[in-house]
Structure formats: C-alpha cells, structure tokens
Amino acid sequence: MNTVTAKSFPLLIEINQAVGRTLELHDALHATLQILLNSYKIRSGAIFLMDDSGTALTLEASIGYKSNVLDTRFAVGDGLTGRVVASGKPIVVPQVSKEPLFLNRMASWDKETGEQSFFGIPIMLDYKALGVLIVNFAYHSKRDYDGTLQFLTLVASALLQPIRVRHVMENQRQTLLDENVTLKRKLQEEYSFHNIIGNSNEMRDVYEQVATVAPTQTTVLLRGETGTGKELIAEAIHYNSPRADKPFVRVNCAAIPENLIESEFFGYEKGAFTGAVGRKKGRFELADGGTIFLDEVGELSAMTQVKLLRVLQEQEFERVGGTETLRADVRVIAATNADLERNMADGRFREDLYYRLNVFSIVLPPLRERKTDLLLLADHFMLKYSRQHAKSVKRISTPAIDMLMRYHWPGNVRELENCVERAVLVCEDQVIHSYHLPPTLQTAESSGTTNTRSLRDAVATFEKELIQDALKSTRGNVARAARLLDTTERILGYKIRNYKIDGKRFKE
C-alpha cells in the first residue's frame, strides 16, 4: 500500500501545481496537506518551520486535528518532531502507542481512534533543516513503510521551493527595512539643524527658533530673500519633528501653472478633464501624516488661496472632479521671498490666509548680513565640489577671500555655492585664486583695469562722444544737435571748437 508507483506520480504533479499556483506560503502548504488528506488517505498532517532564532519549530499549516493546534511549538530535539530537525533524518514510528518519544502534543491520537503510524520528514536545504513534514496514518500492519517514506520525501522536496521563496522575500524585506532605517537615520543626521553651516548671531537666532518649533505641530512661515536656505531650514524642521519618519513633500508654487496647481495640490479623479485617464493623488494626500513644504506661497492665485485656506483650517479637501471629502493630517511649512504685507494691502494675498500661515515666522538673514559665515560656507562648498568633481583643491587664496568678502551677494548662499563650484571646476592646482572667480566678482585691481585718467579727462571724452553722436544723427546740423542735447547753439559751437570736432564730415 501507498508505494511510489505510477499511480503516485499524478498526485506529485498535483502537489507541485498547487505549490506553484500561489506565492502565499501558508496557502501552498495547506493545499498540499489537503491533497494528501483527500487522495493519500492520511489521518492528519502538519508542517512546522524553523523560527528566526533557529532553536524552535512553529506550526505553519495543519489539517485533520480535532483540537486547536495553532500555538503548538517544538524545541529542536524535543519529541519526535524536534528530533527530526536535530538529526536531519526522517523518523518513522509504525505504532505511536509503543513510542515514549511521541508526545501527542497535538492530540492526534487516542485509544478510541485506534492505533496510529507517525512519519516525520525533514525539509532540507544544503544539509540544513528548514522544517518538518508530519503525517499520521491509521495503523495497518501491511503498510509499505519504505514506499510511503519515499513518497513523502518527494512531497517534502516539493515544499522546499515555496519555503525558499518566502525566505528570500523575508530577507529582502528585512534588507529594505534595514536600509530604510539607515536612510532615515542619515536623513535626520544630514538635516539636523546642527549641521547647518553658520555661527553668526543671526543664524544662532534661527537655530533657536528651529529647535523651539520643530517638536510641535505648528504651521511655520519661512521668510527671506531667494537663496538664503529656506528649503534647508524646512527640511531641518521636518526631520527633527515627530513626523520625521513620514513623507516630506515639496511644492514650488511658482513653478506650477495656475491651471494645474489645484490638481497638483489635491489630485484628480479619472475623467475629471481631458487627459485624466486615471485617479491621481495630490501633494496633500501624499504628505498625509508628514509635512508639506509650500515654497513661493506668495505666488498663489486668489482661487487657490481660498482652497488652501480650507485645507489649513479643516484638514479637508476634494480631488478635482470628485465629490468625496478626504482628510489629510499634514503639517504645513510655507516659504516666500515676497512682501506679504504689501501684497495684502494691494489685494493680491488674502489676509485670513496670511494669519493662518504666519503662526510661527522665521526670518532668514541674507548673506551680506552674515559675512562672518561666508568663509565657513565657501570652505564647505570648496570641499564638497572638490570631492564631487574629483579635484584636489585645498584652500582659497587671500586675494580671492578679499573678493568674496567685498561682494554684496544678491543671490545669497545659492550664488556663493555656484561661484565656488565654478572656481573648483576651472582650478588647475590646489588653490582657488582670484582669477578663478566669476567676472561679476572681479574688481578693477584684480582684473588690471584700474582707471588711470583724471575725472576731467574722462568727462571730456564722454562729452565729446555725445556731441559727435548728436551731429551724426542731425547730419552736421548744429542747431538741431543743440536741441537734441538740450543746450544752446552757442554753447554747443564753443564745445565743437574746443574739442576740435570737424562738423563738415557729418554732412556727407
């Protein structure tokens, strides 16, 4: 009975098909036991897998047991099941009533049900037991135990593939989780406000405000000129807040066309407009639980300001083309370089939205007001782009430092960063010199274009050129040239003679 014969092969094929039909391990294992119960006439069966510690077996699937066995566990070496894993070899017990190591922990046998045969087959991979297939039969003295063992060994081999797949998936999942934790830790370290460069009094005030507001849920309004680092401060606030492990979504309000900004903010439903082939989540929905950074918020249209005000007040919105009201738990950090007070006076910015955004305001100082930080920033950018462009630039020369300190930096830190990156790129040795800096920073002394003429000579040259241009425009007509220059004909004639200008050549 139950030998590995030609009749058994269709059963093995059915088991293999059931195993390959799903990626869910529990479903694959339970389907295998169901086939054995229906077609191989087993009394009960179970599949145990090794836990993460490698010291115990936990039940993954079972069939045919009368009592609840979900919490059944076996330590390695405990009872017959534990010994199968410990030895890595199958165990066959024709009559469990005569085996003291049969613990009957799952209540599969009692005197009323009659004698029972036990088969325990290890599920092996590279000489390592991943689990155990347990099968119980009603005792039959003429059973072919060797043939049955061979068949069940093939079944256990078929179970190896889904178990390996789950191990691979769990390892990949754990790797992703570990990488995610590492990435979040790096983000928190990178965007810690302690890593923001600058120790001037103005920046210390900013750090104190960031440290105060970051742990709260308060809406923050960042103000300052373009290039002062508003987005960097917003990131520092988010990654030092309780929402650090949630999304940080950036929206540049000035970069999105007015007719698209509502769908970008709130998303849209399928068919809401031409080209809306599917539902799309908006930025507020994507930022649920985290922080949304609204850069250039002063550029929002009046209609968008109304809808943004509702989100800030009620935390509710609808997708474009939809009727379902959605809720989003979002912290808002807004930034602008505009004069919102003047915009309110001109009717271009809503007063109620201003007061809703301006709960906690942080003003970032321009670079020209924090010159003590300039060298720290320049050194930081020099080292950053030296590594990025595989250069060996070590320092900035004194004349170049003087030029950096004298410049007024209308583009603030962003302009300084671009300036230093350019200098690193064109630098051919280990020192950034003044001639490596952009022309906008060059002075007359550094570029060798110092003026050596007197003011009188410079004015006379300029005046002579003006008179010549006027005479050329009027074809040598002195009276018309005088009117063009808003002077008298007598004064203009005197200057023509004084500068020895030949008026006749302009008449040709």
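Above this text you will find the structure in question.
Residues numbered from 1 in each chain as written. Predicted model: local features only at pLDDT ≥ 70, side-chain atom pairs only at ≥ 80, totals over all residues. Heavy atoms only, no water.

Peer 1: Explain the packing of aromatic side chains to me, please; I cannot follow it from the model alone.
Peer 2: The relation between two aromatic rings is expressed through the spacing of the ring centres and the mutual angle of the planes. Throughout the structure, instances matching the rule amount to 15 aromatic pairs. Seen in terms of ring centroids, Y239 and F248 are 6.2 Å apart; in terms of plane orientation they differ by 45°. Their pairing is tilted. Given a relative accessible area of 10%, F248 falls into the buried group. Relative to F284, the ring of F266 lies with its centre 5.9 Å away and its plane at 20°, an arrangement referred to as stacked. With F266 in helix α7 (residues 258-266) and F284 in helix α8 (residues 283-286), this residue pair connects regions lying 18 residues apart in the sequence. As far as burial versus exposure is concerned, F266 and F284 are alike and both buried. Here the aromatic residues Y40, F119, F137, Y145 and F151 are joined through ring pairs into a cluster of three or more. (Phe/Tyr/Trp six-rings, centres within 6.5 Å; stacked < 30°, edge-to-face > 60°. Buried < 20%, exposed > 50% of the residue type's maximum accessible area, 1.4 Å probe, protein only. Helix = DSSP H or I, 4+ residues; strand = E, 2+ residues; numbered from the N terminus.)

Peer 1: Please clarify how the pattern of salt bridges should be interpreted in this entry.
Peer 2: Opposite charge on two side chains permits pairing when their charged atoms draw close. In total, this model carries 23 salt bridges according to the counting rule given. Two residues, E225 and R368, come together in a salt bridge whose shortest N-O distance is 2.4 Å. Taken together, the positions of E225 in the loop between β7 (220-223) and α6 (230-239) and R368 in the loop between β15 (360-363) and α12 (374-388) put the pair 143 residues apart, joining distant regions of the chain. Ionic pairing is found between D352 and R350, a salt bridge with its closest N-O pair at 2.7 Å. Judged by its relative accessible area of 32%, R350 is partly exposed. Through salt bridges with shared partners, a single network forms among E269, R279, E285 and R319. (Salt bridge = Lys/Arg side-chain N within 4 Å of Asp/Glu carboxyl O.)

Peer 1: Mind showing me how you'd approach the packing of helix α1 (residues 9-20) against helix α2 (residues 25-39) here?
Peer 2: A pair of packed helices is captured by two measures, namely the crossing angle of their axes and the spacing between those axes. One can describe the packing of α1 onto α2 by two numbers: an axis separation of 8 Å at closest approach and a directional angle of 155°. Considering the angle they form, α1 stands roughly antiparallel to α2. For the pair α1 and α2, the sense of crossing is right-handed. Contact with α1, carried on its side by L11, E14, I15, A18 and V19, involves A28, A31, T32, I35, L36 and S39 of α2 and no other residues of that element. Per-class residue counts for the contact of α1 with α2 are eight nonpolar, two polar and one charged. (Axes fitted to C-alpha atoms, helices over the stretch in contact; angles between N-to-C directions. Parallel < 35°, antiparallel > 145°, perpendicular 65-115°, else oblique. Left-handed = near helix turned anticlockwise from the far one by under 90°. Contact = heavy atoms within 4.5 Å. Nonpolar A, V, L, I, M, F, W, Y, C, P; charged D, E, K, R; others polar.)

Peer 1: Could you clarify how one ought to interpret unusual backbone geometry in this entry?
Peer 2: Across residues other than glycine, the phi torsion is negative in most instances, and most of the peptide bonds are trans. Residue K41 is not a glycine yet carries a positive backbone phi of 60°. With respect to the helices, strands and loops of the structure, K41 is situated in the loop between α2 and β1 (44-50). Unusually for a residue other than glycine, Y127 sits at a positive phi of about 65°. A relative accessible area of 85% means that Y127 is categorised as exposed.

Peer 1: Would you explain the packing of helix α16 (residues 455-473) against helix α18 (residues 489-498) in this entry?
Peer 2: With their axes 11 Å apart at the nearest point, α16 and α18 run at an angle of 115° to one another. With respect to α18, the axis of α16 lies roughly perpendicular. Pair α16 / α18 crosses with left-handed handedness. Along the contact surface, α16 presents E463, I467 and L471, while α18 presents L492, K495 and I496. When the residues that make up the contact of α16 with α18 are grouped by side-chain class, the tally is four nonpolar, no polar and two charged.

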